[in-house]
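# Structural description and commentary
Listed here are the chains, written in short residue letters.
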Amino acid sequence: MKILLAMPYPNAKRSLFSRFMIPCLTLQQIAGITPQEHTVEIVDERFEKINFDKHYDLVGISCVAYNSLRGYEIADAFKKRDVKVVFGGYHASLLPEEAKQHADSVVIGEAELTWPQLLKDLEKGKLKPFYRANKPVEPENIPPARHDIGVYTPFSEAIQASRGCPTGCEFCAMQKIEGPLFRGRPVNNIIDEMNSIKAKTIFFADASLTINPRYTKSLFGEMKQLNKKFECFGNINVLSRDDEFLKLASEAGVNRWYVGIESISQENINAVGKSTNKVEEYEKAIRKIKDYGMKITGFFMFGFDNDTLDIFNRTLQAIYEWELNEATFSIVTPYPGTRLFERLEREGRITSYDWSRYGEGNVNFKPKKMTEDELSQGIRSIFEDFFSVKSMLKRSFNTSDINPVKPLIIFTGNIGLRSFYKKEKFNM
Ligand code: B12
Ligand code: SF4
């Protein structure tokens, strides 16, 4: 069969900046689990347009909440042309009945065990409406992603070493797909896959590489030989305490940690169940990561139940005090299927079910201790301050690096991020 795998993107502008974006591992992974007798094409709408007039036997669409409406448009257009359509990914897995209205079939959860079966059924004319992953795939049975197809982004490629996160934060959809059980792929398989990647930097699409430090240390030990750079997600508990872990990470070539700091209020952290985070350890983690020569991007969320109006200023002051040079700001978003969504719905606090607003820049619920408008304005003001020319210049030129070009690179990167977030997330 001729199969198209697509990742929707609403209002894609396909600017030059898109070449700096992280490519879509999801589509390459589904291609990797597709038996070789089929031909697979990948279109990530951030980079390329879909050709609706080309012949395909099957179109597979992957989406999260925020791009699901565009996904339904694509599905409807192909169905009009009598092409079979299948949905998968976070949004379709969490709301399968909704996705089914636009598709012939929906794959719920991980696809390694169900997608090959779906293809066989389709060839026999016996496609079922739903395919549910009834058990987690064994990590040794996760094949490498197809890094040979899709648009080549020279700066970064993605890989996944493990599945599963045991923490289970109230707002996070991760466990709904990957489950709570940590499953690390055999280290050799990962190194082999890394060897097939041309880009100099590899981004780990794992929930967190600090869940099982022993496993990750052995992976870091093997990554050293590759002479590449790596970026990964990790949690405060390990990053603030485990020097051996940080040393091995740095020696392996890890140059950036993405860390879900989420909130500077321990009350908020406890309420959402992010047991990896102790507010008093944030600064230590940030300084330690930097001491080992790596960068850290902190992720912050606003609109938690204990957030009062002063949270924006207090967070900004903390960020400047800790000398955290990179940060992203999001509005708490109740993704369908999460415990947060269920609770807010029970409490009658969800204000919008328009999924195109679920990109973390809009308020879709009634906050507890401020108005919707105050939350929306507050996050925009912290964003404006952190990405003001003054702040950007300060953190760009406040580097101990003797290379004179470095500050300019950091400054240009900040300008790029600022315009990206302004347009794509906050509609400013
Ligand atoms: C890398 C990443 C990004 C990258 C790249 C995104 C991309 N387009 O690939 C960037 C930084 C750009 C990004 C941006 C955003 N992201 Co993001 N991202 C991730 C992350 C960390 C990894 C995704 C990944 O590659 N996974 C590995 C693949 C192999 O797993 P998978 O996608 O689950 O696919 C498997 C199954 O789900 C299934 N499957 C998936 N799709 C399909 C389709 C078909 C047809 C079939 C058969 C099967 C199938 O098969 C795969 C193999 O089992 C995930 C968390 C995670 N670890 O998954 C968050 C995550 C997907 N992102 C999320 C969000 C919210 C966003 C943003 C809205 C955040 C923001 N405000 O900027 C934007 C949205 C942009 C967009 N249009 O996608 C949420 C989604 C929540 C939701 N329910 O909607 C997640 C789950 C993070 C979280 N914990 O909340 N993201
Ligand atoms: S630790 Fe991270 S990946 Fe795990 S449940 Fe919490 S937010 Fe999701």
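Preceding block: the structure.
Residues numbered from 1 in each chain as written. Chains lettered and ligands numbered in written order. Predicted model: local features only at pLDDT ≥ 70, side-chain atom pairs only at ≥ 80, totals over all residues. Heavy atoms only, no water.

This next bit is on the pattern of salt bridges. Counted by the stated rule, this structure contains 29 salt bridges. One salt bridge connects Lys-128 with Asp-121, and the closest N-O pair in it is separated by 3.1 Å. Note on Asp-121: relative accessible area 6%, which makes it buried. Across the pair Arg-256 and Glu-231 runs a salt bridge, and its minimum N-O distance is 3.2 Å. Of this pair, Arg-256 sits in strand β12 (residues 254-262) while Glu-231 sits in strand β11 (residues 229-234), placing them 25 residues apart in sequence. As far as burial versus exposure is concerned, Arg-256 and Glu-231 are alike and both buried. When salt bridges that share partners are traced, they join Glu-170, Asp-305, Arg-343, Glu-347 and Arg-349 into one network. (Salt bridge = Lys/Arg side-chain N within 4 Å of Asp/Glu carboxyl O. Buried < 20%, exposed > 50% of the residue type's maximum accessible area, 1.4 Å probe, protein only. Helix = DSSP H or I, 4+ residues; strand = E, 2+ residues; numbered from the N terminus.)

Here we come to the site of ligand 1. Ligand 1 sits among 40 residues. The nearest are Thr-26, Ser-62, Glu-112, Tyr-335 and Gly-359. Ala-205 places a main-chain nitrogen or oxygen 2.9 Å from a nitrogen atom of ligand 1. For the shell around ligand 1, the secondary-structure elements that each account for two or more residues are α1 (25-32), β3 (58-62), β4 (84-88), α3 (90-94) and α6 (174-178). When residues of the shell around ligand 1 are assigned to their parent elements, the largest contribution, four residues, is made by α1. Inspection of the shell around ligand 1 shows a minimum of three residues originating in each of domain 1 (2-132) and domain 2 (154-386). (Near = heavy atom within 4 Å. Polar contact = N/O pair within 3.5 Å; in protein donor to acceptor, adjacent residues only side chain to side chain. Domains from an automatic or database assignment.)

For strand β1 (residues 2-7), the buried fraction is high: five of the six residues fall into the buried class. Bridge analysis of β1 against strand β2 (residues 39-44) gives six bridges, and the strand direction is parallel. Considered in β2, the bridge of Lys-2 is made with Thr-39. In terms of strand pairing, β1 meets β3 through four bridges, oriented parallel. (Pairing = 2+ DSSP bridges.)

Attention now goes to the sheet that holds β4. Pairing within the open sheet is parallel, and its six strands lie in the order β2-β1-β3-β4-β5-β6. Since the sheet does not close on itself, it has two edges, and those belong to β2 and β6 (130-132), each with one partner. Averaged over all adjacent pairs, the angle separating strand axes in this sheet is 20°, with direction ignored. (Axes fitted to C-alpha atoms, helices over the stretch in contact; angles between N-to-C directions.)

On to the packing of aromatic side chains, then. Considering all chains together, one arrives at 29 aromatic pairs under this definition. Between Phe-171 and Phe-304, the aromatic rings sit 6.3 Å apart at their centres with planes inclined by 55°, giving tilted as the arrangement. Taken together, the residues Phe-171 in the loop between β8 (162-163) and α6 and Phe-304 in the loop between β13 (295-302) and α13 (311-322) connect sequence positions 133 residues apart. The two residues Phe-171 and Phe-304 agree in class, both being buried. (Phe/Tyr/Trp six-rings, centres within 6.5 Å; stacked < 30°, edge-to-face > 60°.)

The next subject is the sheet that holds β13. Spatial ordering of the open sheet is given by β7-β10-β11-β12-β13-β14, a layout of six strands whose pairing is parallel. Of all the strands in the sheet, just β7 (156-159) and β14 (326-331) have a single pairing partner and so form its edges. Each neighbouring strand pair of the sheet contributes to a mean axis angle of 20°, computed without reference to strand direction. Of the pairings in the sheet, the one linking β13 to β14 comprises six bridges and is parallel in character.

To continue, consider the nonpolar core. The biggest cluster of nonpolar side chains holds 77 residues, and the ones touching the most others in it are Met-194, Phe-204, Met-223, Trp-257 and Phe-329. Ranked by residue count, the leading element in this core is α13, at six residues. The residues touching Met-223, leaving out its near neighbours within four places in the chain, are Ile-191, Met-194, Phe-204, Phe-230, Ala-252 and Val-254. (Core = buried A, V, L, I, M, F, W, Y, C linked by side-chain atoms within 4.5 Å. Contact = heavy atoms within 4.5 Å.)

The analysis is restricted to geometry; functional conclusions fall outside its scope.
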